[in-house]
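Geometric and topological summary
Okay, here's what each chain looks like letter by letter:
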Amino acid sequence: MIPTPPELDPVIHAQARLRVMATLSTLGPGDQITFSRLQELLDMTPGNLITHLRKLTAAGYVNTEKRGGRTSTTFVEITPRGRSAFDHYLAALHDLLTPSGHVDRVSSPAHDGRAPHTKEP
Amino acid sequence: MSQSQGVAMTDRSQDVVSSDPPSPELLLALVEGQQRRTEHLTTPDPRVMYGTWGVVWFAGHLLLFLGGLADPLLPLSAALAVFFGMLVVGNAVVGVELVRAFHGLRGDSRRFGILYGLTWPIGMTAVSLVVVAAGAHGLPDPLAGMLFATLPAVLTGVLLMAGAALWDSRVDFGLGCWFAVLGTASAFTSPPTTNLLLSLLGGGVLLVAALVAALRRSGRARGEG
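Now for a quick tour of the structure. Model, not experiment: these values are computed from the prediction.

**Some words on the sheet that holds strand E3 (residues 73-78) of chain A**
Consider a sheet: its strands pair through backbone hydrogen bonds, and that pairing is either parallel or antiparallel. Spatially, four strands are ordered E2(A)-E3(A)-E1(A)-E1(B) in an open sheet, and the strand pairing comes out antiparallel. Since the sheet does not close on itself, it has two edges, and those belong to strand E2 (62-67) of chain A together with strand E1 (105-106) of chain B, each with one partner. With six bridges joining them, E2 of chain A and E3 of chain A adopt antiparallel strand pairing. Across the sheet, residue Arg67 of chain A finds its bridge partner in E3 of chain A, namely Thr73 of chain A. Here helix H2 (residues 35-42) of chain A sits on the sheet and contacts strand E1 (32-34) and E3 of chain A together with E1 of chain B; the angle it forms with E1 of chain A, its principal contact strand, is near 85°.

**A look at the environment of Ala22 of chain A**
Residue and element names in this part refer to chain A. Tracing the backbone shows Ala22 in helix H1 (residues 15-26). Relative accessible area serves as the criterion here: at 0%, Ala22 is assigned to the buried category. Along the backbone, Ala22 and Asp87 are 65 residues apart, and their C-alpha atoms lie at a distance of 10.0 Å.

**Some words on helix H3 (residues 46-68) of chain B**
Between its terminal C-alpha atoms H3 of chain B stretches 32 Å, which fits the 33 Å expected from 23 residues at 1.5 Å a residue. Along H3 of chain B, the positions that sit buried rather than exposed are Tyr50, Gly51, Thr52, Gly54, Val56, Trp57, Gly60, His61, Leu64, Phe65 and Gly67 of chain B.

**Topic: the environment of Ser199 of chain B**
Residue and element names in this part refer to chain B. Relative to the assigned elements, Ser199 resides in helix H8 (residues 193-224). Classification of Ser199 by relative accessible area gives buried; the value is 0%. As for Ser199 and Val56, which are separated by 143 residues in sequence, their C-alpha atoms are 8.9 Å apart. Not counting residues within four places of it along the chain, the set of residues in contact with Ser199 comprises Trp57, Phe58, His61, Leu62 and Gly204.

**Description of the packing of aromatic side chains**
All names here are of chain B. Scanning the model with the defined rule gives five aromatic pairs over all chains in all. With 5.3 Å between their ring centres and 80° between their planes, Trp57 and Phe179 make a pair best called edge-to-face. Of this pair, Trp57 sits in helix H3 while Phe179 sits in helix H7 (residues 170-186); the two residues are 122 residues apart in sequence, bridging distant segments of the chain. Judged by relative accessible area, which is 10%, Trp57 ranks as buried. On the basis of relative accessibility, which here comes to 0%, the residue Phe179 falls in the buried class. Between the aromatic rings of Phe83 and Phe84, the centroid separation amounts to 6.3 Å while the plane-to-plane angle is 50°, which identifies the pairing as tilted. Judged by its relative accessible area of 40%, Phe84 falls in the partly exposed class.

Calculation notes
Residues numbered from 1 in each chain as written. Chains lettered and ligands numbered in written order. Predicted model: local features only at pLDDT ≥ 70, side-chain atom pairs only at ≥ 80, totals over all residues. Heavy atoms only, no water. Pairing = 2+ DSSP bridges. Helix = DSSP H or I, 4+ residues; strand = E, 2+ residues; numbered from the N terminus. Contact = heavy atoms within 4.5 Å. Axes fitted to C-alpha atoms, helices over the stretch in contact; angles between N-to-C directions. Buried < 20%, exposed > 50% of the residue type's maximum accessible area, 1.4 Å probe, protein only. Expected span 1.5 Å × (residues − 1). Phe/Tyr/Trp six-rings, centres within 6.5 Å; stacked < 30°, edge-to-face > 60°.

Have a look at this one:
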């Protein structure tokens, strides 16, 4: 019998959102970050980041909060649910890598073996 | 705190298709790389923190040693003036580094970091003023000089160990123990020997810590390259 691969959360399983979740989960519990600082850490365009934050917010993984008057600042934070989902996602990835794992690749019709693009300075 | 509302989810399968998901190894590497980048950019750089105080202690106490010799290489007042100038510059450099690390962040980590950061200049100023007061009460200059050098070393040790407990850092705890021992041991010497010990064994150790931090970071960068 072929074992079933562990399920990978589709909300997180996109490289851009995976990086957003990795960044937010690295901050301490309850810590918030401004939209512009998050953008700087991710090196993403504002439009791109807004799109991905909307998806993560809709899933309940991220909270956004506007503060201030005319020149308001948007603060972003990971929710406990988001942290838990991210931990599960990482656990599923680790499961895929264990010797008992049955697949060595995340199945996807669009898989073309390209390496992820990291921005480590 | 309000969660943004009214955001419609688009077709999730489309996201997965368009994201070109690579192997789990590469996804984990992506996560780890981003976590490391976030940690590096949102915490004070140990190369700057250790390096700045390493230079101040090493050069500052070396100048005090040279100015305190029986046949001084420079006037002691000039050495003291440069030392105080270096302390001011050191605080400014560290302040800028703290602002760089914490800007755009809000929450416990930033608050603890700022409070802990403020503890240093307040504590050092208080200890130094106590020694000045002791001098005003008639404490002889050699004794005041010894206390002026060693009490900040002991306080540095205590603050490093307290910070190590807050942020679970063995390196800082080890450094804190070293400074507590160094401050205590050098109190059994007299200036300018006290200053020479603090320069070489205090500033020198901080410079080594900065060098080790720099090597670790460049080693990681090479490992990712």
